[in-house]
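# Analysis of the macromolecular model
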Amino acid sequence: EKKPLFAKRIIVTRTREQASVLSQKLIDWGAEVIEIPTIKVVSQKTDKQLNNTLSSNRYDWIFFTSQNGVGEFAAFLTRADKDSRIVGQAKICAIGSETAKSLRSIGITADYVPAQFVAEKIVEHFKDTHRKATISPRALILRAKKARDILPRGLQEVGFDVKVINLYDTVVPRESAVSLRQALKEKVDFVTFTSSSTVENFIKLTGKNYRTKLSGIKFASIGPITSGTLRKFGLKADIEAAVYTIDGMVKAIVKRQ
């Protein structure tokens with residue numbers, strides 16, 4: 001009863017597979033957690049493309065943009081009976097500390113993890129480090145089908161030869177609509193959002209008049225890109241993580257209590 005989130009009802013909107021980590025951290029601070037998955041990951045079955053691309057061993061950098069991407073890559077390694085040696089001499093960029101941690105679990109250590117997990121900052125970094133390059137460095141970006149083009153476009157603008165492989169797509173798990181309707185019938189204090197996709201899909205699941213239905217609820221965002229997506233729908237991030245991680249968001253929520 002003395003914990004800062006005691007009696008707070010919080011909706012967690014990550015994928016079903018990822019929700020438990022965030023949920024447990026909130027529960028440890030005393031919250032009552034309702035898991036409403038707003039994302040379902042669908043593999044794009046890119047095994048042949050991945051195998052052909054990586055077999056060439058021609059990339060200077062490989063970019064992993066999310067934990068989901070690492071999960072899809074790990075599944076590919078298992079199906080193809082390969083291991084981390086398939087990346088060859090390429091350096092690895094992991095966008096986010098959680099992505100880097102997922103890579104370590106499959107034997108790959110990231111060479112670069114940006115301090116701010118947004119594409120714009122990554123492009124700035126590589127603009128500075130490759131300013132004097134005489135040969136165009138080659139980059140392979142492994143990402144979601146629905147992703148912003150800022151990273152590949154930005155890298156191209158600073159001189160990279162870029163190839164993109166969409167490892168997975170994200171869809172709305174329609175079965176969550178019923179759970180969400182039930183949850184909103186009672187008091188909800190916070191909804192947590194860990195990506196733009198969680199925001200967009202949550203709004204779809206909430207349906208018409210979503211602003212009215214969500215009146216009085218506070219929104220917690222993992223970072224500025226996600227907060228920007230909330231604004232696109234006329235909503236405001238009441239809490240934004242200073243460090244764009246699950247731990248950073250939980251810390252920000254606790255701090256506000």
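In what follows, the structure referred to is the one given above.
Right, let's walk through the structure included here.

Calculation notes
Residues numbered from 1 in each chain as written. Predicted model: local features only at pLDDT ≥ 70, side-chain atom pairs only at ≥ 80, totals over all residues. Heavy atoms only, no water. Pairing = 2+ DSSP bridges. Helix = DSSP H or I, 4+ residues; strand = E, 2+ residues; numbered from the N terminus. Contact = heavy atoms within 4.5 Å. Axes fitted to C-alpha atoms, helices over the stretch in contact; angles between N-to-C directions. Core = buried A, V, L, I, M, F, W, Y, C linked by side-chain atoms within 4.5 Å. Buried < 20%, exposed > 50% of the residue type's maximum accessible area, 1.4 Å probe, protein only. Salt bridge = Lys/Arg side-chain N within 4 Å of Asp/Glu carboxyl O. Phe/Tyr/Trp six-rings, centres within 6.5 Å; stacked < 30°, edge-to-face > 60°. Right-handed = clockwise from strand over helix to strand, strands pointing away.

Judged by pairing direction, the sheet is parallel, and its five strands sit side by side in the order β2-β1-β8-β9-β10 without closing on themselves. The two strands at the open ends of the sheet, each matched to only one other strand, are β2 (32-35) and β10 (239-240). Strand direction decides the pairing type here: strand β1 (residues 9-12) and β2, joined by four bridges, are parallel. Looking at β2, one finds that I10 is bridged to V33. Running over the sheet, helix α1 (residues 16-28) touches β1, β2 and β8 (190-193) and is turned about 165° from β2.

L50, L54, I62, F64, F73, I92 and L142 are the most contacted members of the largest nonpolar core, which has 24 residues in total. Elements with a minimum of two residues in this core: α2 (47-55), β4 (61-64), α3 (67-80), β5 (91-94), α4 (97-104), β6 (138-144) and β7 (161-171). By residue number, the principal contributor to this core is α3, which donates four residues. Those residues within four positions of I62 in sequence are excluded, and the remaining contacts are L54, V87, A90, K91, I92, C93, L140 and L142. Residues V172, V188, Y210 and L230 belong to the second largest nonpolar core, which totals 21 residues.

Turning our attention to the pattern of salt bridges. Taken as a whole and judged by the stated rule, the model has 12 salt bridges. The residue E32 makes a salt bridge to R9 at a minimum N-O spacing of 3.5 Å. Residue E32 is located in strand β2, and its partner R9 is located in strand β1; the two are separated by 23 residues in the primary sequence. Relative accessible area serves as the criterion here: at 43%, E32 is assigned to the partly exposed category. R9 gets classed as buried once you look at its relative accessible area, which sits at 12%. The partner of K232 in a salt bridge is E200, with the nearest N and O atoms 3.4 Å apart. With a gap of 32 residues between them, K232 in helix α10 (residues 224-232) and E200 in helix α8 (residues 196-206) connect regions that are remote in the sequence.

Let us look at the packing of aromatic side chains. Working definition: an aromatic ring pair is given by the centre-to-centre distance plus the angle between the planes. For the structure shown, the criterion picks out 10 aromatic pairs. The interplanar angle of 85° and the centroid separation of 5.6 Å between the aromatic rings of Y112 and F126 together place this pair among those described as edge-to-face. Residue Y112 is located in the loop between α4 and α5 (119-129), and its partner F126 is located in helix α5; the two are separated by 14 residues in the primary sequence. Look at F126 and you get buried, because its relative accessible area is 0%.

Moving on, we come to the pairing of β5. Summarising the sheet, β4 and β5 pair through four bridges and their orientation is parallel. Bridged to I62 within β5 is I92. After leaving β4, the chain enters α3 and then returns to the sheet as β5, a path that is right-handed.

With that out of the way, let us pick up unusual backbone geometry. Most peptide bonds are trans, and most residues other than glycine sit at a negative phi. With a phi close to 75°, A7 is a non-glycine residue in the positive phi region. Assignment of secondary structure puts A7 in the segment before β1. The class for A7 is exposed, based on a relative accessible area of 54%. Here the phi dihedral of K45 falls at roughly 55°; this positive angle occurs in a residue that is not glycine. Relative to the assigned elements, K45 resides in the loop between β3 (40-43) and α2.

With respect to the helices and strands, the residue S197 is situated in helix α8. If we ignore the near neighbours within four places in the chain, the residues touching S197 are I39 and T170.

Three or more residues of α4 are buried, namely E98, T99, A100, S102 and L103. Buried residues belonging to α4 abut β4, α3 and β5.

What follows deals with the pairing of β7. Taken together, the four bridges between β3 and β7 define a ladder with antiparallel strand orientation. If you follow K40 over to β7, its bridge partner there is V171. Relative to β7, β6 is paired through seven bridges, and the arrangement is parallel. Counterpart to L142 in the pairing with β7 is I165. Of the crossover connections in this fold, the one passing from β6 over helix α6 (residues 150-157) to the parallel β7 is right-handed.

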